[in-house]
Amino acid sequence: MIRVLLVDDQALLRAGLRMILENADDMDVVGEANDGAAAVTLAADAAPDVILMDIRMPEVDGLEATRRIRASLPDGPRILILTTFDLDEYVYSALRCGASGFLLKDTLAADLLSAIRVVARGDAIVAPPITRRLIERHIGTSGDPLPRTEAELRVLTDREREVLELIARGLSNAEIAGRLFLTEGTVKGHVSRILTKLGLRDRVQAVILSYECGLVRPGA
């Protein structure tokens, strides 16, 4: 069973999410929190596999809660940010804090369940074009210097750099395999080595690193 924690300050939304998840044979809602502070406590006490985290909440928001959970439980639950996209300006920061991706609040039930299963098995949600637009919006637009340099990519082979660039452009393993005329198993091997060499947790971090190092340029 995939243990899920729901975090949102709207009780009605939490009730709707709970109903969807409890109708799935492989999921169990282990708790609910109405703010980020409660989420941090429940993340430790309830030991969820996945947290659905609203980003806009009073007191402690989803961004700060994500930061605290990842700091205190580095090998703990995967975090999916719930966002309205146009209104949320902190999604990129949340990804950098360790979130495994994000979902729109109007995501279809089947897609929500699929996304939870994806992150529960250690992958991340980076493929939708809306994800790339969010990352492109925030990379290099804050006025702060980018924290990574292209020199960090020198540990990769030419093929691994090529695969990393396609990951950053939002392609799935199957799509990368078709583009490079490789088997999907070979691509999975490349992805695993890329993450290991660069010290990254998942594909979300790989996407962010690619933009920050300049391997892929916003708007390109």
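Residues numbered from 1 in each chain as written. Predicted model: local features only at pLDDT ≥ 70, side-chain atom pairs only at ≥ 80, totals over all residues. Heavy atoms only, no water.

Within an unreviewed UniProt entry, the label attached to the chain reads Response regulator, and the organism entered is Dactylosporangium cerinum.

## Here we look at the confidence of the model for the chain
Looking at the chain, pLDDT values average 84 and 84% of them are 70 or higher. Looking at the elements of the chain, mean pLDDT is at its lowest for helix H6 (residues 129–138), recorded as 60, and at its highest for strand E1 (residues 2–7), recorded as 97. (pLDDT = per-residue confidence, 0-100. Helix = DSSP H or I, 4+ residues; strand = E, 2+ residues; numbered from the N terminus.)

## Observations regarding the environment of Ile-194
Position of Ile-194 among the secondary structure elements: in helix H9 (residues 184–198). Under the relative-accessibility criterion, Ile-194 is labelled buried at 0%. Through-space distance from the C-alpha of Ile-194 to that of Val-155 is 8.9 Å; in sequence the pair is 39 residues apart. (Buried < 20%, exposed > 50% of the residue type's maximum accessible area, 1.4 Å probe, protein only.)

## Section: the environment of Glu-165
Mapped onto the elements of the fold, Glu-165 is located in helix H7 (residues 158–168). On the basis of relative accessibility, which here comes to 27%, the residue Glu-165 falls in the partly exposed class. Once the C-alpha coordinates of Glu-165 and Ala-206 are considered, the two residues, 41 residues apart in sequence, prove to be 9.2 Å apart. Residue contacts for Glu-165: discarding those within four places in its chain leaves Leu-215 and Val-216. (Contact = heavy atoms within 4.5 Å.)

## Side note on helix H3 (residues 62–72)
When we look at burial in H3, the residues that qualify are Gly-62, Leu-63, Ala-65, Thr-66, Ile-69 and Arg-70. Mapping the buried residues of H3 onto a view down its axis gives an arc of 165°, with all of them on the same face. (Arc of directions from axis to C-beta.)

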